[in-house]
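Chain and residue survey
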Amino acid sequence: MELCMKVNLEEAIEKIKNGEVVAVPTETVYGLAASIYHPLAIQKIFSLKNRPPKNPLIIHYANLEQLKELTEFIPDQYYKLKKLIPGPLTVVLQANPKTVNQVITAGLETVALRMPMHPLLLELIEKAGPVAAPSANLSGKPSATRAVHVENDFGENISVLDGGHSQKGVESTIIFLAEDHWSLLRLGAVSEEEIESLLGTRPRNKIITNDNQPISPGQLYKHYAPEAKLILCARNMDLNDMAQEHEVDLVLGYEDSKTNYKTLSLGRRNDFVENLNRLYQKLREIDLCDANKVLVDFDFKKEGLGKTLEDRLIKASNQ
Ligand code: TXA
Ligand code: MG
């Protein structure tokens, strides 16, 4: 029996226009979407996810006209990023208070904005207008990269537009963009190096501001964690020794991980596109196996998208 309600594009568009919440596919992870013109539907997203109200949402738009309605000011630097837009990059700009409800921004003066690349979602936004959408998972849990993951988290409460397996499998990179500088707020599907090469400057801040205040509120909360405890096995440690010492049930590793324990594989070591694409599926599989403790093979290059993999594994192991 199917628990969730699968809807087609036309039905999804009607539901969004009518102020309902619909889970939608994106190229990064599935989102739980509502029209920005329906504040009650936006509030429903927070309660469905059990999301802290102080953690703002990303608005997804489909074209430049929509973007111009949502922000007071588009810095010239934005246009240098056009190779990544549409795509898995979220840009934080000054919010236009006339169009952007405070519920979405959690009272901030800025708003996070992303033009997604998934054709179904782009068409939905073209026809129904911009949507606010966090990742379609229960707060704190691994994100959803398939329609069935949304169903596992929300059951029959949710309509789902099935757009297949998310192409990237990890969330967008988030940056703050001003006229003459930029900051990195969340690592994600685009590497810092790629943004740096397009903008021609290094980020001014990384993740945390000088006052030690996170400038992206989401960094404060628990994230991506399965029920099982993850233990990171650093490069100089032996996987089998660590596995035995911690009495783990499984290893989360790579095709070439040298261990006698049952291993869930993220694919080829240091193939970060593949590793990130599999990550949330594997974190969810860990819970399906009823594992209590899992050892993570943490021996990979911490550069480029390797930094995103590092970030997600560290967060998933913090419980
Ligand atoms: O790939 C993605 O970004 C996915 C898909 C659905 O688009 N969305 C996603 O949303 O990951 P969510 O809600 O799980 O994460 C959004 C992050 C949160 O950490 C939030 O704090 C941050 O964006 N954020 C939202 N508005 C912000 C703002 N004005 N300034 C700084 N950070 C902001
Ligand atoms: Mg999320």
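To start, this report covers the structure provided alongside it. (Residues numbered from 1 in each chain as written. Chains lettered and ligands numbered in written order. Predicted model: local features only at pLDDT ≥ 70, side-chain atom pairs only at ≥ 80, totals over all residues. Heavy atoms only, no water.)

Going through the model one piece at a time under the given rule, you end up with 4 aromatic pairs. A ring pair is formed by Tyr 78 and Tyr 79, whose centres lie 5.4 Å apart and whose planes are at 85°; its orientation type is edge-to-face. Residue classification places Tyr 79 among the partly exposed residues on the basis of a relative accessible area of 38%. Their ring planes at 70° and their centres at 6.0 Å tell us that Phe 272 and Phe 300 sit as a pair that is edge-to-face. On the criterion of sequence distance, the pair formed by Phe 272 in helix H10 (residues 272–288) and Phe 300 in the loop between strand E14 (293–297) and helix H11 (306–317) is long-range, its members being 28 residues apart. With respect to burial, Phe 272 and Phe 300 carry one shared label: buried. Members of the aromatic cluster, each reached through a chain of ring pairs, are Phe 272, Phe 298 and Phe 300. (Phe/Tyr/Trp six-rings, centres within 6.5 Å; stacked < 30°, edge-to-face > 60°. Buried < 20%, exposed > 50% of the residue type's maximum accessible area, 1.4 Å probe, protein only. Helix = DSSP H or I, 4+ residues; strand = E, 2+ residues; numbered from the N terminus.)

Moving on, we come to the sheet that holds strand E11 (residues 229–233). The strand order across the open sheet formed by 4 strands is E11-E14-E12-E13, and the pairing between neighbours is parallel. Where the open sheet ends on each side, the last strands, each with one partner, are E11 and strand E13 (263–265). Along the sheet, successive strands turn relative to each other by an average axial angle of 25°, direction set aside. Where strand E12 (residues 250–253) lies against E14, 3 bridges are found, and the strand directions are parallel. From the neighbouring strand, Leu 252 faces E14, where its bridge partner is Val 296. H11 rests against E11, E12 and E14 of the sheet, and its axis sits at about 135° to E11. (Pairing = 2+ DSSP bridges. Axes fitted to C-alpha atoms, helices over the stretch in contact; angles between N-to-C directions. Contact = heavy atoms within 4.5 Å.)

This paragraph deals with the nonpolar core. Residues Leu 81 and Leu 124 are the most contacted members of the largest nonpolar core, which totals 63 residues. Apart from residues no more than four positions distant in its own chain, Leu 124 is found in contact with Leu 9, Ala 12, Ile 13, Ile 16, Val 24, Gly 129, Val 131 and Leu 161. (Core = buried A, V, L, I, M, F, W, Y, C linked by side-chain atoms within 4.5 Å.)

Positionally, Thr 173 belongs in strand E9 (residues 173–177). Residue class for Thr 173 comes out buried when judged on its relative accessible area of 1%. One polar contact links the side chain of Thr 173 to the main-chain amide nitrogen of Ala 189, over a distance of 3.3 Å. The contacts of Thr 173, once residues within four sequence positions are left out, are Pro 88, Leu 89, Thr 90, Leu 184, Arg 186, Leu 187, Gly 188, Ala 189, Val 190 and Ile 195. (Polar contact = N/O pair within 3.5 Å; in protein donor to acceptor, adjacent residues only side chain to side chain.)

With that settled, the discussion passes to the sheet that holds strand E10 (residues 182–186). Sheet architecture is open: 10 strands sit in the order E1-E8-E2-E3-E7-E4-E6-E5-E9-E10, paired in mixed fashion. On the outer flanks of this sheet lie strand E1 (5–7) and E10, each paired with one strand and no other. With 2 bridges connecting them, strand E4 (residues 58–60) and strand E7 (residues 131–132) associate as antiparallel partners. Across the sheet, residue Ile 59 finds its bridge partner in E7, namely Ala 132. Against the sheet, helix H2 (residues 39–49) contacts strand E3 (31–35) and E7, and its axis sits at roughly 155° relative to E3.

Where H10 meets H11, the closest approach of the two axes is 9 Å, and the angle between their N-to-C directions is 20°. With respect to each other, H10 and H11 are oriented roughly parallel. The handedness of the crossing between H10 and H11 comes out as left-handed. Between H10 and H11, the contacting residues are Phe 272, Asn 275, Leu 276, Leu 279, Tyr 280 and Leu 283 on the first element and Gly 306, Thr 308, Leu 309, Arg 312, Leu 313 and Ala 316 on the second. Residues belonging to the contact of H10 with H11 are distributed by class as follows: 8 nonpolar, 3 polar and 1 charged. (Parallel < 35°, antiparallel > 145°, perpendicular 65-115°, else oblique. Left-handed = near helix turned anticlockwise from the far one by under 90°. Nonpolar A, V, L, I, M, F, W, Y, C, P; charged D, E, K, R; others polar.)

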